[in-house]
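Chain and residue survey
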Amino acid sequence: MTREKIVIGNKYPLDGMLTIPDTGTAPYPAVVLVHGSGAHDMDEKIYKIRPFYDIAEGLAKLGVASIRYNKRSWTYGKQMVKALGNTITVKEEVIEDAVFAANLLRHDARIDPNKIYIVGHSLGGCLAPRIDVEGGNFAGLILLAGSPRRLEEIIIDQGNDQIATLKGLVKWIGQKQIKKIHAKLDDIYSKTDEEAKAIPFLGNTSIYYLKDMGKKTVAEYLADSTKPILVMHPEKDVQVSLEKDFEKYKKILVNNPNATFKLYKGLNHAFMPSLYGTIDKALKEFKTEQHVDEEVIADIADWIKLK
């Protein structure tokens, strides 16, 4: 395969990698890889795992090109806080760069402009429908461990799950903390933008970040869509839910004849073998070197080739 260093974006240029297959014949189908929450490099490296590296390399061997890049908050976190402060939204953090990457692919003669897909992982999966509508214009959406719920709902559920693993005084402290989070998130959509920006949340952001992201739900973005969508969910995922997320996607997309659903037994949030299966050890799992399951990568490639 051919690996080419690229740059994504203008105001915030980001180092990236374009991976082109050496097998098959150009123009190739391609994917834009969009990260989960937090600051990530182009490989979406967490401790000893590199999900996006695995997916890019694996897809190239199967005839699918890909583009991945360092997330803006990874390269320019401090600059973004200085410039935008508590007004940062997913538009600046995620959406603008994903759209730029898609357009970069469209202008590469080796890529089929009609077969460019988004592969969104976790938060990237949540945002994929919005990225598509706001300029991505993808041929289809591939959602890896995403969620159709609002982010604040997921945060509260994850917090409650964490507290359930605690005991004694530590559990009591955790319950007090989650109550404070509940209070901040209570009825955020009735607040004005300025009120939301004045309530700090998640480090250097405010609840305006959540309000902006949740003002239009995934269900609303997908309501009338018949675009090809592949929803992929790991059975042992402790960060998103089989019932609340995977099954809800099925309900939202019940009238979309081009929606496909895949459940992967024994895999965790990174689509790697689950080692512990509990939320309190979710990050510990990523301290063991593993790789994205080959079946997952093969299913992505096969689905794309059938479209």
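Structure: see above.
Here's what I pulled together on the structure shown here. Predicted, not measured: the structure shown is a model, and the values here were computed from it.

1. Details of helix α8 (residues 207–214)
Across the 8 residues that make up α8, a large majority, 8, are buried. Considered for burial, the residues of α8 that qualify are Ile 207, Tyr 208, Tyr 209, Leu 210, Lys 211, Asp 212, Met 213 and Gly 214.

2. Brief notes about empty space enclosed by the protein
Counting across every chain of the model gives 4 cavities of 30 Å³ or more. Along the walls of the largest cavity sit 13 residues, with Cys 126, Met 213, Lys 216, Thr 217 and Val 218 positioned nearest its centre. Sorting the residues of the lining of the largest cavity by element identifies α4 (123–136), α8 and α9 (218–222) as the ones contributing at least two each. Ranked by the residues each element gives to the lining of the largest cavity, the list is headed by α4, at 3 residues. Taken as a whole, the second largest cavity encloses approximately 70 Å³ of empty space. As for the second largest cavity, its lining consists of Lys 236, Asp 237, Val 238, Gln 239, Asn 268, His 269, Ser 274, Gly 277, Thr 278, Ala 282, Glu 285 and Phe 286. When its residues are assigned to classes, the lining of the second largest cavity shows 3 nonpolar, 6 polar and 3 charged.

3. Things to note about the environment of Ile 156
As for its placement among the helices and strands, Ile 156 is situated in helix α5 (residues 151–164). For Ile 156, a relative accessible area of 15% gives the class buried. Separated by 35 residues in the primary sequence, Ile 156 and Lys 191 have C-alpha atoms spaced 19 Å apart. When near neighbours in sequence (up to four residues on either side) are disregarded, Ile 156 contacts Ile 178, His 182 and Leu 185.

4. Focus: the environment of Gly 140
Note on placement: Gly 140 falls in strand β6 (residues 140–144). The spatial distance from the C-alpha of Gly 140 to the C-alpha of Ile 118 is 6.8 Å, given a sequence separation of 22 residues. In contact with Gly 140, not counting residues within four places along its chain, are Ile 116, Tyr 117, Ile 118, Lys 227, Pro 228 and Trp 303.

5. Observations concerning unusual backbone geometry
Cis geometry marks the peptide bond from Ala 26 to Pro 27; its omega dihedral reads 0°. Within the secondary structure layout, Pro 27 lies in the loop between β2 (14–20) and β3 (28–34). One non-glycine residue, Glu 44, lies in positive phi territory at about 55°. For Glu 44, the position within the fold is in the loop between β3 and α1 (51–61). According to the relative accessible area criterion, Glu 44 is buried, its value standing at 1%. Although it is not a glycine, Ser 122 sits at a positive phi angle of roughly 60°. Locating Ser 122 in the fold gives a position in the loop between β5 (111–121) and α4. Its relative accessible area of 15% is what places Ser 122 among the buried residues.

6. Concerning the side chain of Glu 93
Structurally, the position occupied by Glu 93 is in helix α3 (residues 90–106). Accessibility expressed as a relative area gives 10% for Glu 93, which makes it buried.

7. Observations regarding the packing of aromatic side chains
For the coordinates displayed, the defined rule picks out 4 aromatic pairs. An angle of 70° between the planes, with centres 5.8 Å apart, marks the rings of Tyr 117 and Trp 303 as edge-to-face. Of this pair, Tyr 117 sits in strand β5 while Trp 303 sits in helix α12 (residues 294–305), placing them 186 residues apart in sequence. The pair formed by Tyr 117 and Trp 303 is uniform in burial state, with each residue classed as buried. For the ring pair Phe 246 and Phe 261, a centre distance of 6.2 Å and an interplane angle of 80° mean the geometry is edge-to-face. Within this pair, whereas Phe 246 is found in helix α10 (residues 242–252), its partner Phe 261 is found in strand β10 (residues 259–264), the two being separated by 15 residues in sequence. The ring of Tyr 208 carries Lys 197 above its face, with NZ or CZ at 4.7 Å from the centroid. Lying over the aromatic face of Tyr 47, Lys 287 brings its terminal NZ or CZ to 4.9 Å of the ring centre.

Conventions and cut-offs
- Residues numbered from 1 in each chain as written.
- Predicted model: local features only at pLDDT ≥ 70, side-chain atom pairs only at ≥ 80, totals over all residues.
- Heavy atoms only, no water.
- Buried < 20%, exposed > 50% of the residue type's maximum accessible area, 1.4 Å probe, protein only.
- Helix = DSSP H or I, 4+ residues; strand = E, 2+ residues; numbered from the N terminus.
- 1 Å grid on protein atoms, 1.4 Å probe; cavity = no way out; pocket = protein on both sides within 12 Å on 5 of 7 lines; lining within 4 Å.
- Points joined across faces, edges and corners; volume = space filled by probe spheres on them.
- Nonpolar A, V, L, I, M, F, W, Y, C, P; charged D, E, K, R; others polar.
- Contact = heavy atoms within 4.5 Å.
- Phe/Tyr/Trp six-rings, centres within 6.5 Å; stacked < 30°, edge-to-face > 60°.
- Lys NZ or Arg CZ within 6 Å of the ring centre and 35° of its normal.

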